[in-house]
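Remarks on the overall topology
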Number of protein chains: 2
Amino acid sequence: MELEKYRRLSKMARGIDKAELVFKNANVFLAHTGEFVEGDVAVAEGIVLGVGKYQGEKEIDLEGSCLCPGLIDSHLHLESTLVSPGELVRQAAQCGTTTFIVDPHESANVSGTEGIDYILEQTEDAPANVYVMMPSCVPATHVDDNGCVLTAGKMKAYLENNRILGLGEVMDAVSVINGNVSMHEKLNLFKGRVRDGHAPFLTPGDLSAYALAGISTDHECVDYEYAMEECKKGMQVLIREGSAARNLEAIVKGIVEHGTDTSGFCFCTDDKHIEEIRRDGHINYNVKRAVELGLPVEKALKMATIQAAQCYGLKHLGAIAPGYQADFVVFDNTRDLNVLEVYFKGEKIQKDEKVKIKPCAPQLKNTVHLLDFGEDRLRLRHTGDKAHVIHMLQGQIATEDLLEEVPFGEEAGERLFTSDDTYQKIAVIERHKHTGKVGVGIVKGFGLRHGAIASSVSHDSHNLIVVGDNDRDMVLAVQELVRLQGGYILVEEGEIYGTLPLPVMGLMSDEGYEKVNEALSHMIPKAHSMGIKPGFDPFITLSFMALPVIPEIRITPRGIYLVNEDRMLKQPFDK
Amino acid sequence: MELEKYRRLSKMARGIDKAELVFKNANVFLAHTGEFVEGDVAVAEGIVLGVGKYQGEKEIDLEGSCLCPGLIDSHLHLESTLVSPGELVRQAAQCGTTTFIVDPHESANVSGTEGIDYILEQTEDAPANVYVMMPSCVPATHVDDNGCVLTAGKMKAYLENNRILGLGEVMDAVSVINGNVSMHEKLNLFKGRVRDGHAPFLTPGDLSAYALAGISTDHECVDYEYAMEECKKGMQVLIREGSAARNLEAIVKGIVEHGTDTSGFCFCTDDKHIEEIRRDGHINYNVKRAVELGLPVEKALKMATIQAAQCYGLKHLGAIAPGYQADFVVFDNTRDLNVLEVYFKGEKIQKDEKVKIKPCAPQLKNTVHLLDFGEDRLRLRHTGDKAHVIHMLQGQIATEDLLEEVPFGEEAGERLFTSDDTYQKIAVIERHKHTGKVGVGIVKGFGLRHGAIASSVSHDSHNLIVVGDNDRDMVLAVQELVRLQGGYILVEEGEIYGTLPLPVMGLMSDEGYEKVNEALSHMIPKAHSMGIKPGFDPFITLSFMALPVIPEIRITPRGIYLVNEDRMLKQPFDK
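All values reported here derive from a predicted model rather than from experimental measurement.

What counts as what
Residues numbered from 1 in each chain as written. Chains lettered and ligands numbered in written order. Predicted model: local features only at pLDDT ≥ 70, side-chain atom pairs only at ≥ 80, totals over all residues. Heavy atoms only, no water. Buried < 20%, exposed > 50% of the residue type's maximum accessible area, 1.4 Å probe, protein only. Helix = DSSP H or I, 4+ residues; strand = E, 2+ residues; numbered from the N terminus. Pairing = 2+ DSSP bridges. Contact = heavy atoms within 4.5 Å. Core = buried A, V, L, I, M, F, W, Y, C linked by side-chain atoms within 4.5 Å. Salt bridge = Lys/Arg side-chain N within 4 Å of Asp/Glu carboxyl O. Axes fitted to C-alpha atoms, helices over the stretch in contact; angles between N-to-C directions. Parallel < 35°, antiparallel > 145°, perpendicular 65-115°, else oblique. Left-handed = near helix turned anticlockwise from the far one by under 90°. Nonpolar A, V, L, I, M, F, W, Y, C, P; charged D, E, K, R; others polar. Buried area = accessible area lost by both parts, 1.4 Å probe. Polar contact = N/O pair within 3.5 Å; in protein donor to acceptor, adjacent residues only side chain to side chain.

**Structural notes on the pairing of strand β17 (residues 387–392) of chain A**
Residue and element names in this part refer to chain A. For β17, a buried count of six out of six residues is recorded, marking the element as mostly surrounded by other parts of the structure. Across the two faces of β17 the burial is the same, with Ala387, Val389 and His391 and His388, Ile390 and Met392 all buried. As paired elements, β17 and strand β18 (residues 399–404) share six bridges and run antiparallel to each other. Opposite isoleucine 390, over in β18, you have aspartate 401 as the bridge partner. Between the end of β17 and the start of β18, which pair antiparallel, lie six residues, with glycine 395 showing a positive phi angle near 70°. Where β17 lies against strand β22 (residues 438–444), two bridges are found, and the strand directions are parallel.

**Description of the side chain of histidine 282 of chain A**
All names here are of chain A. Following the sequence through the fold, histidine 282 ends up in the loop between α10 (274–280) and α11 (283–292). On the accessibility criterion, histidine 282 (0% relative accessible area) is buried. Setting aside anything within four residues of it in sequence, one finds histidine 282 in contact with Asp73, Leu76, Ala92, Cys95, Thr97, Phe100, Thr269, Lys272 and Ile277.

**Here's the deal with the nonpolar core**
Ranked by size, the top nonpolar core spans 142 residues in total, and within it Val176, Tyr210, Ile239, Phe265 and Ile453 of chain B carry the most contacts. With 139 residues, the next largest nonpolar core counts Ile116, Ala152, Ala300 and Cys360 of chain A among its residues.

**Here we look at the environment of valine 28 of chain A**
Residue and element names in this part refer to chain A. For valine 28, the location among the structural elements is in strand β1 (residues 19–30). Take valine 28: its relative accessible area is 0%, and that puts it in the buried class. It is 42 Å that separates the C-alpha atoms of valine 28 and aspartate 172, two residues lying 144 residues apart in sequence. What valine 28 contacts, discounting residues up to four positions off in sequence, is Glu35, Phe36, Val37, Gly39, Val41, Val51, Leu67 and Ile320.

**Some details on the pattern of salt bridges**
For the structure on display, the rule yields 69 salt bridges over all chains. Note that lysine 24 of chain B and aspartate 40 of chain B form a salt bridge whose closest N and O atoms lie 3.1 Å from each other. Here lysine 24 of chain B, found in strand β1 (residues 19–30), pairs with aspartate 40 of chain B, found in strand β2 (residues 35–44); they are 16 residues apart in sequence, far enough to count as distant. With relative accessibility at 1%, the residue aspartate 40 of chain B sits in the buried group. One salt-bridge network, in which partners are shared between bridges, spans Glu249, Lys253, Arg289 and Glu292 of chain A.

**A short note on the packing of helix α1 (residues 3–13) of chain A against helix α7 (residues 204–212) of chain B**
Two numbers describe how α1 of chain A lies on α7 of chain B: the axes approach to 8 Å, and their chain directions differ by 150°. Compared by their axis directions, α1 of chain A and α7 of chain B come out roughly antiparallel. Viewed along their axes, α1 of chain A and α7 of chain B form a crossing whose handedness is right-handed. The residues of α7 of chain B that touch α1 of chain A, namely those facing Tyr6, Leu9, Ser10 and Ala13 of chain A, are Gly205, Ser208, Ala209, Tyr210 and Leu212 of chain B. A class-by-class count of the residues in the contact of α1 of chain A with α7 of chain B yields six nonpolar, three polar and no charged.

**Topic: the interface of chain A and chain B**
Opposite the 48 residues of chain A that make contact, chain B presents 49 residues. At the boundary of chain A with chain B, total buried surface from both sides reaches about 3700 Å², with 54% on carbon and sulfur atoms. The largest share of the area that chain A buries against chain B comes from Tyr6, Arg14 and Leu212 of chain A, three residues that together contribute 19% of it. Taken together, chain A and chain B are joined by four salt bridges. With a shortest N-O distance of 2.9 Å, arginine 14 of chain A and aspartate 206 of chain B are connected by a salt bridge. Remark: the boundary between chain A and chain B carries 20 residue pairs in polar contact (both at pLDDT 80 or more). Of all elements in the fold, only α1, β2 (35–44), β3 (47–52), α5 (173–178), α6 (181–189), α7 (204–212) and α8 (224–232) of chain A reach the threshold of two or more residues within the side of chain A that touches chain B. Looking at the side of chain A that touches chain B residue by residue, the classes come out as 23 nonpolar, 15 polar and ten charged.

Set out below in structure tokens:
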């Protein structure tokens, strides 16, 4: 700390001078000792001076409410919410989350370092601490056709950026434990820093080899037993409660039942949608749920604050103690945990304040590269054999690989696959590098009729993905995606029913969350009325059909990918 | 980790290849989760690969004994034991301490950076991890005449040394909280690293200001209440159990009684003598005592291992988990906690192995600079007034400032102070820079008759200190100290009774611990037989009489120092 500033603050800490700001009559949560004490909290220049009896130039009487350190989301992807990064942070900050450990994996897969820079720039003046983990798996696998390759060499320039904390979730466990060169170049580049994991269901030996590589966290644990396996190996478990993946109940129940030492746990959201954040909350929801499940509130709060800060080496965050940043959430009491107010660096965060979304570099709004796409690219010659069919399953992102007889028609002397009530066509169109690659397949279980549904959000490469029961509507949807430079599209019988433009890398809107929510509130019910079965979120389910790391069968621009066999078929009728 | 090495180790961790070394049938303490599990521990190239079922090229059957991470002494001064640093580390390592966080405060006060380099060099191939905190208070106070001034500028060169972890105990709390320029230059130099504290009994406001400066540990807590005050402010409390200062019982009793969250605690010895280490143990003794006082062994072991490692940012130490260094202590069981074996980087530490003590730079054995010292320098003119007398108190290092009539005699027409059974003479002679400064005072309570006792160890400046009842013996003792270039001396009636040479900076022997113990075993009983009262360790008590930070009255080369008044008197008869 600069000396003159220290001298000024020291006098206030000692009570010689009045503090700038004092929170009076607070029930203060002391994260280091995990206890609540009654007292005043003195603050100046955004820093906590002390807890005790203080007088302030300005005083805020908390009348016995709980003053806690601002909460920490130890792992999330900002892109998944469809809104701009600053917009998401602002919304979550109103729930008490003042620190975000962000992995810009989606942006990097589309636009590489420019995508990462976008996330950094968009959040740099947000009312929160936004740190970034360098995405480790860009592309995610060897069968991905994404926008960029992020090598250790390209990451080097970011080591000096004090908002870059370490390496983002290392999904490619096989490359890690087999000692793949480029993977280990990245791991070694971040030696001494946090290297986040993503390692569901490895065998004990493989998990040891994975931890041996220096990976020290995981947010993919879905049950208590595996979480404990990771803790025992020295990994910090980030208990996830997001929109799709909800692991908190299983893990916290185990902790409560076994009286487990909780020092190895933190909380995260990973992917949580804006409308759910507004409805249920953010990390405050994780805390509340954990307490409802029987975890003492002190332990839950330590997981949400100091333990996350220590895990990521953030020595100035996560506690209310001298020298710590004055990020606070005020809860009504320790049982109900309703958020009354939030402070960032001692400044109150205003509710729903309208803030102009920052513009982004023009090239980030020009990422859907595709020329002359026509129906000819979607033709699927029927060979007479059975076809590999992607069976989409309700309520999950896993698929089933079926080998079935499928319908066909004749056209200009050729036998072609045709849709019916059971089978529709799916296509993934490479959109980054004009490679012209288009993969065409057959889906069952989704149910869309008389139209097409398309998206530029398709994990992890974010190529264009479209499902339809006729080629004309599918082409129209794809062409509209190109025109909008990304988004969600719903086409019905030759007409565009609705669009949600997502022009920023084809992933995010650059308008407020209200616009996003409004578009979705029309398009989703319509998609269901067109036949998409209940239990599917039309666009989210669609976005996972190109993700080649989840069993059993996927569609990629190169063709049909059989995940368990690590084998690519040019088309569904191939053996 | 280098890639080829990782590939080799990964195969062993996964059980594909046999591990180099496997500890079979261990009751393994997993520090992260604070629990014991039965299993095998695989090790290769000094690194833990995993805990589970393993086969090894070499196997050691532990037959159910407890395998724990090597223990960590989170704060100690190697010099205080009188033996060479390597010798001390080797002895303590046999007790299970495999990591030492060392503050070379004494060496630095004599020889500056050369003294620090000596500690680094002497311990670099010790069978233990020896880290160094840069001494922050050299000299300790503005009234000290020590050998060197260690400024932030001189410290800079050490920032790149990966064995230098941070800034050593910051004793000068007044300079900290008042914003003294040179103190804050040092604090700022170590920003982002650990800055150790030394802050007994500050007021709550002053302690907040002290923590605000970034100081994050303290080992000076003597009671539970103050320890908790520090924990609440975010400071880690290093519970000390050394030779003189024994704080463990008071603090651990409080923890047990209140069911306190123990994550804010570690263990240290600070100053513990070699003979006590051999008799009682080292950090293993802290663990054992804590368990006897009712602390669960799991919590005590976490304090002695992972919590200390985390406190000092040592990510590879303090646990038995993949990637951690294979430093182990084997206890017979979790109740008796007797040390059976110790391993450092997977290698067994041999008991009492004789190792050649490394030579040191010649200038470090030539640090007692004094010419022509004679009786004239000890003359104390009696002015007829009452004199300030240093009342030495049994069993403590604090003194009492008495104003008393003292005996005198006539010599060559001058009235001079003379000793009797109650009052003797004490002198401190500057020995670093030929300044010629000699302070002479009067002591009461010590009781030495018919001789003199002298030492070159006198905190914190380590000038020569001597007590005697006649000037001739005192001069002889001082001259012998000069001849030996440091040590402990006992003179009786004109003859040197015994010496313990401490030629390394006047602080340490360069022979084995046996020689040190042997010399002390003769000299200490003799000193008592010459009148020194029981309850005084003759040399240790003497070594604190020049320490100007402890109340109430001290002797320095500049004269008598009244601590509480921060006032120097040229001689004891001054007002």
